[in-house]
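Breakdown of the fold
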Amino acid sequence: MGYNTVTITHWDIDGLASAAILYFKLKPTRQILASVTSVHKYLLELISSNRPPSEIWIADLNPQTNNIDALLAALEEARRKKVRIYWIDHHEWDSRVYRVLAEFENTLSYIVDPNYTAADLVASKLGLKEDSFVGELIKLSYDDDFFENKYELTKVWRRVLRWYGWEVRYKALESLKNRDIAPPWMIELYKREVSIVYENLIREAIARMDIIDREGFRIIVFPDADPRIHPGEIIEVAEKNGLRAHVYIVRYPRGTSLRSDYIDVSSIARELGGGGHLRAAGIPGRVDIEAILSKLLEKFSQARAFSGSVQGNVFA
């Protein structure tokens, strides 16, 4: 019934690294790059086709709570057509997702561990950790996803992937599949079109920021940020200039990024239809800022009640 294997992965460094590692081992018939808001659509489309794949591997994408019904429909169709799904991720998953997945243990296998990158988990699953090029991909995935920023190449990859659309992202995947971790075309694009403008957009985002002080907590909001700039890089520059907060909110035209070293922002994102990591999470769509602030203050109050204070001095 099937025609081999299809992979669906995110389009950032970790997602592309995962896709390349999957390619080295599985040689999939088709590889799809996706966002968290579209993964369920691709999944259902593949399984509902006249010739569904026998296996689908998903990496670096977390199921969204507002798409649970679509996920359930896809899994039911996969079970009927005997399509096997493997899902490997490192984001925090909502408990409601796990309850849905429990009914499909013979159709879906999953690995979720926030302590690692998806690329690292994929390589471990496929037994490719000894491959030196895979090791380089894993190093870049940690440098980007954990925002360690040890390597200049990470910044180049991150900015080019955000700056351009799907055509460049698929071209980047082909370079990685050819074991080229620093393709000349990407370096040239970065130098010629991205680097200077990118820095200017960061400064513009910071110039438009709002500082909100409520109940002893400081929140900095960056409204209307250009979607091509990474939220972590905006915050990094802001902090270098002495602008510190308990939580940072970066507002994009089609989503919101939450970042904090003090509270679990992934739980707030999940409640508002998104998800992510404990310290960095996202919400798709245009969510009302007051709804976000209300959830944040509720979380702050819980943290204060539990520990007597929110750990750390943001103004130190």
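Figured I'd write up the structure that's included with this text.

Calculation notes
Residues numbered from 1 in each chain as written. Predicted model: local features only at pLDDT ≥ 70, side-chain atom pairs only at ≥ 80, totals over all residues. Heavy atoms only, no water. Pairing = 2+ DSSP bridges. Helix = DSSP H or I, 4+ residues; strand = E, 2+ residues; numbered from the N terminus. Axes fitted to C-alpha atoms, helices over the stretch in contact; angles between N-to-C directions. Contact = heavy atoms within 4.5 Å.

With that out of the way, let us pick up the sheet that holds strand β4 (residues 84–89). The strand order β2-β1-β3-β4-β5 describes an open sheet built from five strands, whose pairing is parallel. At either end of the open sheet lies a strand with only one pairing partner, and these are β2 (30–34) and β5 (108–112). Direction aside, the axes of adjacent strands within the sheet are offset by 15° on average. The sheet contacts of helix α1 (residues 13–26) involve β1 (5–10), β2 and β3 (55–59), and relative to β1 the element is tilted by about 160°. Across the sheet, helix α5 (residues 118–126) touches β3, β4 and β5, and the angle it forms with β4 is around 135°.

Moving on, we get to the sheet that holds strand β9 (residues 255–259). Pairing is mixed in the open sheet, where six strands are placed in the order β6-β7-β8-β9-β11-β10. At either end of the open sheet lies a strand with only one pairing partner, and these are β6 (210–214) and β10 (275–276). Of the pairings in the sheet, the one linking β6 to strand β7 (residues 217–222) comprises five bridges and is antiparallel in character. Bridging from a neighbouring strand, D213 pairs with R218 of β7. This element, helix α10 (residues 231–240), spans β7, β8 (247–252) and β9 of the sheet and lies at about 130° to β8.

The next subject is unusual backbone geometry. For K27, which is not glycine, the phi torsion reads 50° and is therefore positive. With respect to the helices and strands, K27 occurs in the loop between α1 and β2. A positive phi angle, close to 60°, is found at K82, a residue other than glycine. Mapped onto the secondary structure, K82 falls in the loop between α3 (68–81) and β4.

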